2 protein chains.
Amino acid sequence: MKLYMSPGSGNAYKVRLLLEMLKVPYEKYNLDTKNKEHKQAPFLAINPRGQMPALEDDGRKFWDSTACLVYVARKHGEGKWLPTDAAGEAEIQQWLALSNNECHYGLQWARNVKLNMKQGSLDEYQGYGTKGLEILEARLKGNDWLALGRPTIADRECYPYVAVSPEGGFDLAKYPAVQAWMKRIEALPGWIKKQ
Amino acid sequence: MKLYMSPGSGNAYKVRLLLEMLKVPYEKYNLDTKNKEHKQAPFLAINPRGQMPALEDDGRKFWDSTACLVYVARKHGEGKWLPTDAAGEAEIQQWLALSNNECHYGLQWARNVKLNMKQGSLDEYQGYGTKGLEILEARLKGNDWLALGRPTIADRECYPYVAVSPEGGFDLAKYPAVQAWMKRIEALPGWIKKQ
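Residues numbered from 1 in each chain as written. Chains lettered and ligands numbered in written order. Predicted model: local features only at pLDDT ≥ 70, side-chain atom pairs only at ≥ 80, totals over all residues.

### Considering the overall build of chain A
Next up, step 1: What chain A contains, in helices and strands, is 7 helices and 4 strands.
Next up, step 2: Going residue by residue from the N terminus, the α and β elements of chain A occur as β-α-β-α-β-β-α-α-α-α-α.
Next up, step 3: The globule rule puts the C-alpha radius of gyration for 195 residues at 16 Å, and the 16 Å found for chain A is close to it.
Next up, step 4: For the C-alpha atoms alone, the extent of chain A along its principal axes is close to 45 × 40 × 30 Å.
Next up, step 5: Each of the 195 residues in chain A was classed as buried or not, and the buried ones make up 47%.
Next up, step 6: Considering only intrachain contacts with a sequence separation of at least 6, the fraction spanning at least 24 residues in chain A is 65%. (Helix = DSSP H or I, 4+ residues; strand = E, 2+ residues; numbered from the N terminus. Rg over C-alpha atoms; globule rule 2.2 N^0.38 Å. Buried ≥ 20, exposed ≤ 12 C-beta atoms within 10 Å, placed from the backbone. Contact = placed C-beta atoms within 7 Å.)

Here it is in structure tokens:
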């Protein structure tokens, strides 16, 4: 399995975390983002979005971090990280959606504005991100994990952008259940730091 | 099965389309959006986001349109609309991601700005939506369907916001393969108009 990534990509980090935790051997391909390798034809043929991560395995290629997580979890996770029953999978999909919406377009975009990587309305992004943190806090007040009472790709998907959200101006001290959940994730076997 | 929706919600329409196509009996619950019923405590207990759709079945409740689609497809679709093999599910998940990113935050947000339902940068949203349409066009030039060579929830998820994208200032005449794909979807048994 070959992972197209960059050390700084939070979306690639989601996939690396799962690969490490499942002890799946994989080759890292670090894209030369400074020279915009991810925007050039050879990589665009793998991922038309021109973003990280992408995954290559058995001659198949996949783009989008959620799709990569689903692939790895389904192939190597024995159903533990992503079940196939309707209710279990839908429960997990809810949190993948929260990650792809409130986390990405709230937490991450606020951070990108603060770090001068993007223009846009900081107020709007912080408001949307705050809504995401409030929903996570409410869920985690009575639950150790986001779905199914155990670690799943739901946690893996939401964690990275929550972890760096203070750089977007979010105060995690207001969300004690989220903080405790982050510590539980960081204590899982195979957990690695982003860089 | 009970679907919390409004007739105008494109996200609820995605789920209605699949329920109708699979001939799954369901009860419609039309939220009183004029009086903000979807932002009040009883509905927030079902969906903490305060958005449509949500689904209730066998005492379980699910929010988020993708999660609802996954639930219905997994429970009633016999694997046709959402397979369980790693490569097949990941292929579909790529297009669910495109819908949740380029379609939602590009096509839909541009439309919301044009219809005075939202503030923000029309240029940014139109650029992002155009990228989504270009990726769809490239994929559909050589394929009848987005994934697996057959209709799946990938098509169901992307279709609604593409269909109304002209209201966001997008010219679908530039995307003939997308237009042909829309006609194929509209010819599927059980297809219904949004309203």
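### Quick notes on the pairing of strand β2 (residues 27-30) of chain B
Residue and element names in this part refer to chain B.
Next up, step 1: In the sheet, strand β1 (residues 2-5) pairs with β2 via 4 bridges, with the strands oriented parallel. In the strand pairing of β2, K2 is matched with E27.
Next up, step 2: Between β1 and its parallel partner β2, the chain crosses via helix α1 (residues 10-21), and the hand of that crossover is right-handed. (Pairing = 2+ DSSP bridges. Right-handed = clockwise from strand over helix to strand, strands pointing away.)

### Section: the sheet that holds strand β3 (residues 54-57) of chain B
All names here are of chain B.
Next up, step 1: Sheet architecture is open: 4 strands sit in the order β2-β1-β3-β4, paired in mixed fashion. Of all the strands in the sheet, just β2 and β4 (60-63) have a single pairing partner and so form its edges. Going from strand to strand, the sheet's axes swing by 20 degrees on average, the running direction of each strand aside.
Next up, step 2: With 3 bridges connecting them, β1 and β3 associate as antiparallel partners. In the sheet register, L3 faces β3, and the bridge partner there is L55.
Next up, step 3: Together, β1 and β3 form the strand contacts of α1, whose direction differs from that of β1 by roughly 150 degrees. (Axes fitted to C-alpha atoms, helices over the stretch in contact; angles between N-to-C directions.)

### As for helix α4 (residues 86-114) of chain A
Residues and elements named next belong to chain A.
Next up, step 1: Compared with the 42 Å implied by 1.5 Å per residue over 29 residues, the 40 Å span of α4 between its first and last C-alpha is a close match.
Next up, step 2: Most pronounced at C103, the bend in α4 amounts to some 45 degrees.
Next up, step 3: Most of α4 sits out of view: 25 of its 29 residues are buried.
Next up, step 4: Trailing α4 by a residue or two, N116 shows a phi angle of about 60 degrees, which is positive. (Expected span 1.5 Å × (residues − 1). Bend = angle between axes of the 7 residues up to and from the residue.)

### A short note on the interface of chain A and chain B
Next up, step 1: Contacts between the two partners involve 25 residues from chain A and, on the opposite side, 25 residues from chain B.
Next up, step 2: At the level of secondary structure, the elements contributing two or more residues to the side of chain A that touches chain B comprise β4 (60-63), α3 (65-76), α4 and α5 (122-141) of chain A.
Next up, step 3: With 10 residues, α4 of chain A is the largest single contributor of residues to the side of chain A that touches chain B.
Next up, step 4: Here the side of chain A that touches chain B is composed, by residue class, of 13 nonpolar, 6 polar and 6 charged. (Nonpolar A, V, L, I, M, F, W, Y, C, P; charged D, E, K, R; others polar.)

### Observations regarding the packing of α5 of chain A against helix α7 (residues 176-186) of chain A
Residues and elements named next belong to chain A.
Next up, step 1: One way to put it is that α5 packs onto α7 with a least axis distance of 7 Å and a crossing angle of 75 degrees. Here α7 runs roughly perpendicular to α5, going by the angle between their axes. Packed against α5, whose contacting residues are L133, L136, E137, L140 and K141, the element α7 presents A177, V178 and W181 at the interface.
Next up, step 2: Among the residues forming the contact of α5 with α7, the class breakdown is 6 nonpolar, no polar and 2 charged. (Parallel < 35°, antiparallel > 145°, perpendicular 65-115°, else oblique.)

### What to know about the relation of the copies chain A and chain B
Next up, step 1: In screw terms, the move from chain A to chain B is a rotation of 180 degrees and a rise of 0.0 Å along the axis, fitting with an RMSD of 0.0 Å. Read as a symmetry element, the transformation amounts to a two-fold axis. (Least-squares fit on C-alpha atoms with pLDDT ≥ 70 in both.)

### Observations regarding the packing of helix α1 (residues 10-21) of chain A against helix α6 (residues 153-163) of chain A
All names here are of chain A.
Next up, step 1: Packing of α1 against α6 brings their axes to within 9 Å, and their N-to-C directions diverge by 140 degrees. In the crossing of α1 with α6, the sense of the turn from one axis to the other is right-handed. When α1 is examined against α6, the residues G10, Y13, K14, L17 and L18 are found in contact with a partner set consisting of I153, R156, E157, P160 and Y161.
Next up, step 2: A per-class count over the contact of α1 with α6 returns 6 nonpolar, 1 polar and 3 charged. (Left-handed = near helix turned anticlockwise from the far one by under 90°.)

### What about the domain arrangement of chain A?
All names here are of chain A.
Next up, step 1: Along its sequence, chain A is carved into domain 1 (2-76) and domain 2 (86-186).
Next up, step 2: With centres defined by C-alpha atoms, the gap from domain 1 to domain 2 works out at 21 Å.
Next up, step 3: Among the secondary structure elements, those contributing two or more residues to the side of domain 1 that touches domain 2 are α1 and α3.
Next up, step 4: Considered class by class, the residues forming the side of domain 1 that touches domain 2 number 5 nonpolar, 2 polar and 1 charged. (Domains from an automatic or database assignment.)

### Focus on unusual backbone geometry
Next up, step 1: Cis geometry is found at the peptide bond from M52 of chain A to P53 of chain A, where omega equals -5 degrees.
Next up, step 2: Tracing the backbone through its elements, the reader meets P53 of chain A in the loop between α2 (41-44) and β3 (54-57).
Next up, step 3: In the Ramachandran plot, L148 of chain A falls in the positive-phi region, its phi being about 65 degrees despite a non-glycine side chain.
Next up, step 4: With a phi close to 50 degrees, E78 of chain B is a non-glycine residue in the positive phi region.

### Focus: the sheet that holds strand β2 (residues 27-30) of chain A
All names here are of chain A.
Next up, step 1: Here 4 strands make up an open sheet; going across it, the order is β2-β1-β3-β4 and the pairing mixed. Of all strands in the sheet, those with a lone pairing partner are β2 and β4, marking the two edges. Ignoring which end each strand starts from, the neighbouring axes of this sheet average 20 degrees apart.
Next up, step 2: Along the sheet, α1 makes contact with β1 (2-5) and β3, crossing β1 at roughly 150 degrees.
Next up, step 3: Sheet contacts for α3: β3 and β4; angle to β4, the most-contacted strand, approximately 130 degrees.

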